[in-house]
Amino acid sequence: STLVQHHKPAFRMMWLLGVWLCVTALGAGDECEGFKPLGGHTEPSGSVLELAQFPSPEEFHRSFAGEGVPFVVRGAAKLHPAAELWTDEYLTATYGTVKVEWEEGKKEDRNLELFEWPLAQFVENYKTVDGYCVWDVNDKMKADFRLPEPLLCGGYHRRLSSVLMWFSSGGTKSVLHNDVFENINCIFDGTKDIIMINRSHAGLMESPAAGWDPQSNSVPGSRIDVDAVDTTRYPALGQFEYTTVTMNKGDCLYIPSQWYHQVRSHGPRNLAINVWFYRMAEFDSGDCAHPDRVARRRKRKLSKFKWLSTAAVEDGLALDSVHEFAEVEGFFRDGFQMTRSHLALVMAESLPSVDSLFVQMDENRDGVVTMDELALDVDDDNNGDDGGVEWHIAFHQAWTIARHVNSTKLGEAKHRKRARDAEL
């Protein structure tokens, strides 16, 4: 109504006052009705699957990556020499001059400042600084890591993206978010509590009802306060289904691409790394038929592997774009609403056009694209008549890019693959 619109600022001030009072109560150890930490309104549906050891590459692709099933392996971080080496003293003596980045605030806020310090300076101050280090490990430091068992053959070792280091005194809280990359996270010190939500709930999670912001400082995520979730304003977060896992020192966790998660770390020293790699549609079983080759990769330092650049992604080495587009097209045929994450399935996350195309398609700026916004009529045949399928120009451009990535470069990619295989 006009009255509501006229007094909207006043209503917002009252709501903010309520949040402040609630957060104050939470800080005193109390909970106010309706405002609870993420996951506090409902019980988890279960815990993440625990495995005694890493699955083989074949089993990983078939039963976990292919199906999108997370798992935790207790004690698996020992595969990395860094699990024992990376004491404060070692990091200072060996990599002290390396410039790293740390983000202001223990509770993630993507609008706060980012600082660059020598690693030795951060090590000296991390116990008192209000922030945490998150940094893309350089090649020199990658020498302290090995390739996790599931990635040793089948093609995953050629789809590596980056290694990120997470370092703090604990007490950090991430936003609720998801990543386009596959992720194997290993913790060397401290513990982490993680809430995980299946990517199949994208329609619910990437909606205003869950507080999703498709352009949260250029990185999609939820704008909610993870310590005081307002289920009146964000009703989806009072009824969502989730699983939990606690990572202890030495554990490794597989987080499938596009799975939503929120992480809380605990100290007094918390140090972890994650290996990001790209999804893979087809598994190269022939590559695993050479045990001597796999054995060499098992001993090889991560710094000796090739890490995919944006150019390599665009050459089709990291995306099976046509395969992924078929999945997205299937979403529409089932009447599904497309989120930015779905669009990222057909395009490399690093391509800036992902964001720009999604903004073009999302006409009402609600974070999801419907068939109406695409002007897509899936019931009619594309016979050239007025009733045929009419693709929105932006989505057509995305499909053209994806098809170009996979088709026109396919011969070159296969040639390079054969050359690499001959070298290995």
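Rules of the game
- Residues numbered from 1 in each chain as written.
- Predicted model: local features only at pLDDT ≥ 70, side-chain atom pairs only at ≥ 80, totals over all residues.
- Heavy atoms only, no water.
- Helix = DSSP H or I, 4+ residues; strand = E, 2+ residues; numbered from the N terminus.
- Buried < 20%, exposed > 50% of the residue type's maximum accessible area, 1.4 Å probe, protein only.
- Contact = heavy atoms within 4.5 Å.
- Areas by Shrake-Rupley, 256 points an atom, 1.4 Å probe, with all protein chains shown as cover.
- Polar contact = N/O pair within 3.5 Å; in protein donor to acceptor, adjacent residues only side chain to side chain.
- Disulfide = S-S within 2.5 Å.
- pLDDT = per-residue confidence, 0-100.
- Phe/Tyr/Trp six-rings, centres within 6.5 Å; stacked < 30°, edge-to-face > 60°.
- Lys NZ or Arg CZ within 6 Å of the ring centre and 35° of its normal.
- Pairing = 2+ DSSP bridges.
- Arc of directions from axis to C-beta.
- Core = buried A, V, L, I, M, F, W, Y, C linked by side-chain atoms within 4.5 Å.

Asks: When you look at the overall build of the protein in this model, what are you seeing that I'm missing?
Replies: Scanning the protein for helices and strands turns up 16 helices and 15 strands. Burial statistics for the protein: of 424 residues in total, 49% are counted as buried. For the protein, the proportion of contacts with a sequence separation of at least 24, taken over those separated by at least 6, is 79%. Carbon and sulfur atoms form 52% of the exposed surface of the protein, whose accessible area is close to 19900 Å².

Asks: Help me understand the side chain of R159 in this model?
Replies: Note on placement: R159 falls in the loop between α7 (139–142) and β8 (160–168). At 3.2 Å, the side chain of R159 forms a polar contact with the backbone oxygen of R279.

Asks: What should I look at first to understand the state of the cysteines in this one?
Replies: One way to say it: the disulfide is the covalent bond shared by the sulfur atoms of two cysteines. Scanning all chains against the criterion turns up two disulfides. Here C153 is linked by a disulfide to C288, with a sulfur-sulfur distance of 2.0 Å. Taking the sign of the S-S torsion, about 100° here, the bridge from C153 to C288 comes out right-handed. Placement of C153 in the loop between α7 and β8 and of C288 in the loop between β15 (260–277) and α9 (291–299) is noted, with a sequence separation of 135 residues between them. Its relative accessible area of 3% is what places C153 among the buried residues. The disulfide bridge from C186 ends at C252, spanning 2.1 Å between sulfur atoms. Here C186 and C252 share a disulfide; its torsion about the S-S bond, 110°, makes the bridge right-handed. You can see C186 sitting in strand β9 (residues 182–197) and its partner C252 sitting in strand β14 (residues 252–255), a full 66 residues away along the chain. Residue C186 is classed as buried on the basis of its relative accessible area of 1%. Classification of C252 by relative accessible area gives buried; the value is 0%.

Asks: Would you take a moment to explain the confidence of the model for the protein for this structure?
Replies: Reading predicted coordinates in detail is not appropriate for stretches of low pLDDT. In this model, the protein carries a mean pLDDT of 78, and residues with pLDDT of at least 70 account for 67%. Low pLDDT, under 50, characterises residues 375–415; the stretch is placed with 63 contacts to residues that sit more than four places away or in other chains.

Asks: Hey, could you run me through the packing of aromatic side chains in this one?
Replies: Two aromatic rings, taken as a pair, are described by how far apart their centres are and by the angle between their planes. Evaluation of the coordinates by the stated rule reveals 23 aromatic pairs. The interplanar angle of 80° and the centroid separation of 6.4 Å between the aromatic rings of F54 and F71 together place this pair among those described as edge-to-face. Of this pair, F54 sits in the loop between β3 (49–51) and α3 (57–65) while F71 sits in strand β4 (residues 71–73), and the two are 17 residues apart along the sequence. A single burial state applies to F54 and to F71, both of which are buried. Centre to centre, the rings of Y90 and Y95 are 5.9 Å apart; their planes meet at 80°, and the pair counts as edge-to-face. In this structure Y95 comes out as buried when scored by relative accessible area, which is 3%. Joined through ring pairs, the aromatic side chains of F54, F60, F64, F71, Y156, Y254 and F277 make up one cluster. One Lys or Arg, K142, reaches over the ring of W307 and ends 4.7 Å from the middle of that ring. Cation over ring: R300 sits above F305, and NZ or CZ is 4.9 Å from the ring centre.

Asks: Quick question: what am I supposed to make of the pairing of β14 here?
Replies: For a regular strand, the rule is simple: side chains alternate between the two faces of the sheet. In β14, alternate side chains face the same way, and those of C252 and Y254 on one face and L253 and I255 on the other are all buried. Relative to β14, β4 is paired through three bridges, and the arrangement is antiparallel. Across the sheet, residue V73 finds its bridge partner in β14, namely C252.

Asks: I'm lost on the environment of F122 in this one. Help?
Replies: Its place among the elements puts F122 in helix α6 (residues 119–125). In this structure the C-alpha to C-alpha distance between F122 and Y132, which are 10 residues apart in sequence, comes to 9.1 Å.

Asks: Sorry if this is basic, but what is going on with the environment of W276 here?
Replies: Looking at where W276 falls in the secondary structure, it is placed in strand β15. In sequence terms W276 and I184 are 92 residues apart; their C-alpha atoms lie 6.8 Å from each other. Look past the residues within four positions of W276 in its chain and what remains in contact with it is L160, S161, S162, L164, D179, F181, E182, N183 and W307.

Asks: Before we go on, may I ask you to explain the environment of Q262 in this structure?
Replies: In this structure, Q262 sits in strand β15. In this structure, the C-alpha to C-alpha distance between Q262 and M196, residues 66 residues apart in sequence, is 6.8 Å. Excluding anything up to four places from it in sequence, Q262 contacts L38, K173, S174, V175, L176, D193, I194, I195 and V226. Here the side chain of Q262 touches S174 through a polar contact of 3.1 Å, landing on its backbone oxygen.

Asks: Sorry if this is basic, but what is going on with α9 here?
Replies: For an α-helix, 3.6 residues make a turn, and residues three or four places apart therefore share a direction. Among the residues of α9, those classed as buried are R293, V294 and R297. Taken down its axis, α9 places every buried residue within 95° of arc, on the same side. Among the exposed residues of α9, those pointing more than 90 degrees away from its buried face are P291 and K299.

Asks: Explain the nonpolar core to me, please; I cannot follow it from the model alone.
Replies: Within soluble globular proteins, side chains that are nonpolar generally end up buried alongside one another. Ranked by internal contacts, the top residues of the largest apolar core, which has 50 residues, are F60, W86, M141, L151, M165 and F167. When neighbours within four sequence positions are excluded, M165 is seen to be in contact with W86, V100, L119, C133, V134, W135, V137, M141, L271, A272 and I273. Grouped together as the second largest cluster of nonpolar side chains are 17 residues, M205, W212, I224 and V229 included.

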